Amino acid sequence: MPSTSISTGSAAGPAPCLAVSGASGKTGWRVVEEALGRGYRVKALLRPGSEVPEGLQGAELIRLELTDQAALERALEGTVALVIATGARPSVDLAGPLKVDALAIRQQCAACRAAGVKRVVLVSSLCSGRWFHPLNLFGLILVWKRVGERWLEASGLDWTVVRPGGLKETEDDLDAQGIRYSGPDQQESNSIPRRLVARVCLEALDAPASIGRIIEVTSAAGVEPLSLEQWLARQPQPA
Ligand SMILES: NC(=O)c1ccc[n+]([C@@H]2O[C@H](COP(=O)([O-])OP(=O)(O)OC[C@H]3O[C@@H](n4cnc5c(N)ncnc54)[C@H](OP(=O)(O)O)[C@@H]3O)[C@@H](O)[C@H]2O)c1
């Protein structure tokens, strides 16, 4: 079991650099913002045509297609980890989930290996892997998400999969929300603000015990407020 965490707390040397793909997305820009707030330098990976949300101020913006392997490898060079917040946007292109939620994960894993980036956190979804689910009307998205997860799991990288419930835009009363963490296929409904998902991704980078785990997250008022690290400390070690 790898034991490294990525700390930004050291006074020695420059701040570590984190890459975030899907940085123009509503979870992605929050991951960037949270990372900047914790002292990382951030490379925000965007498509050539992506709109730039305000939350990316202070990050280095790198525009590329994820299918451009050479550009992706160059972008990842010098980074300590990648947070993947890409996801097919609803569209008439029913091949979107295959391309973005499966193939693009494999491309990002390959680029990480080539660039020497060992640590990856993937934002996936509750119910990943389910065949019978209404969300699959959009290009079997939950099936392709599981394929993407499995490619990451088999990549040889130090991976964590974060599976959130329904994503909410609210930034209100976040401190009143406790996060309900679980292992895979334990939760199938409920929601969580994107800001809390972003924080879990950053906490995972600092928690070696999250490596090699699928972690499902939803939130609600009244749930015991636990950090990811506290929840992980209560879990049996994976075999
Ligand atoms: N919506 C929910 O309730 C929900 C629930 C659970 C899990 N999730 C998953 O959580 C993740 C984040 O969701 P979100 O709603 O925050 O995301 P989002 O706002 O829809 O953003 C998606 C991101 O992926 C990028 N992207 C889409 N197609 C791409 C492609 N072909 N190549 C490169 N980048 C591409 C988008 O870039 P552009 O800006 O250029 O389009 C954007 O940055 C996704 O994987 C989503 O499936 C969502």
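This structure is a prediction, so every number in the text was calculated from the model and none was measured.

Q: Mind showing me how you'd approach a nonpolar patch on the surface here?
A: Taken together, the side chains of Trp131, Phe132 and Leu140 present a nonpolar region at the surface, about 410 Å² in accessible area. You can see tryptophan 131 is positioned in the loop between β5 (119-123) and α4 (141-153). On the basis of relative accessible area, tryptophan 131 is assigned to the exposed category, the value being 55%.

Q: Just checking my understanding: could you explain the sheet that holds strand β4 (residues 81-84) for this structure?
A: Hydrogen bonds along the backbone pair up the strands of a sheet, which may run parallel or antiparallel. Read across the sheet, 8 strands follow the order β3-β2-β1-β4-β5-β6-β10-β8 without closing on themselves; strand pairing throughout is mixed. Every interior strand has two partners, whereas the edge strands, β3 (60-63) and β8 (177-182), have only one. In this sheet, adjacent strand axes meet at a mean angle of 20° when their direction is disregarded. In terms of strand pairing, strand β2 (residues 41-46) meets β3 through 4 bridges, oriented parallel. In the sheet register, lysine 43 faces β3, and the bridge partner there is glutamate 60.

Q: How should I be thinking about the site of the ligand in this particular structure?
A: Neighbouring the ligand are 22 residues, the closest being Ser24, Thr27, Arg47, Ser50 and Arg89. At 2.9 Å from an oxygen atom of the ligand is found a main-chain nitrogen or oxygen belonging to lysine 26. Residue arginine 194 places a side-chain N or O atom 2.8 Å away from an oxygen atom belonging to the ligand. Counting atoms within 2 Å of the grid points, the majority share of the ligand lands in the largest pocket.

Q: Explain the layout of surface pockets here, please?
A: If you roll a probe as big as a water molecule over the atoms, it shows you where there is empty space left. The volume enclosed by the largest pocket comes to roughly 1400 Å³. Lining the largest pocket are 49 residues, and of these Thr86, Gly87, Ala88, Arg89 and Val100 lie nearest its centre. Only β2, α3 (96-115), α4 and β7 (166-168) provide two or more residues apiece to the lining of the largest pocket. Considering each element in turn, the lining of the largest pocket owes the most residues, 7 residues, to α3. Looking at the lining of the largest pocket, its residues break down into 19 nonpolar, 19 polar and 11 charged. Computed from the structure, the second largest pocket encloses a volume of approximately 180 Å³. When residues in the lining of the second largest pocket are grouped by element, the largest group, 4 residues, is from β8. Each residue belonging to the lining of the second largest pocket can be placed in one class, and the counts come to 6 nonpolar, 3 polar and 3 charged.

How each quantity is defined
- Residues numbered from 1 in each chain as written.
- Predicted model: local features only at pLDDT ≥ 70, side-chain atom pairs only at ≥ 80, totals over all residues.
- Heavy atoms only, no water.
- Patch = residues over 30% accessible without salt bridge, like charges linked within 9 Å, V, L, I, M, F, W, Y side chains within 5 Å.
- Areas by Shrake-Rupley, 256 points an atom, 1.4 Å probe, with all protein chains shown as cover.
- Salt bridge = Lys/Arg side-chain N within 4 Å of Asp/Glu carboxyl O.
- Helix = DSSP H or I, 4+ residues; strand = E, 2+ residues; numbered from the N terminus.
- Buried < 20%, exposed > 50% of the residue type's maximum accessible area, 1.4 Å probe, protein only.
- Pairing = 2+ DSSP bridges.
- Axes fitted to C-alpha atoms, helices over the stretch in contact; angles between N-to-C directions.
- Near = heavy atom within 4 Å.
- Polar contact = N/O pair within 3.5 Å; in protein donor to acceptor, adjacent residues only side chain to side chain.
- 1 Å grid on protein atoms, 1.4 Å probe; cavity = no way out; pocket = protein on both sides within 12 Å on 5 of 7 lines; lining within 4 Å.
- Sits in = over half its atoms within 2 Å of the grid points.
- Points joined across faces, edges and corners; volume = space filled by probe spheres on them.
- Nonpolar A, V, L, I, M, F, W, Y, C, P; charged D, E, K, R; others polar.

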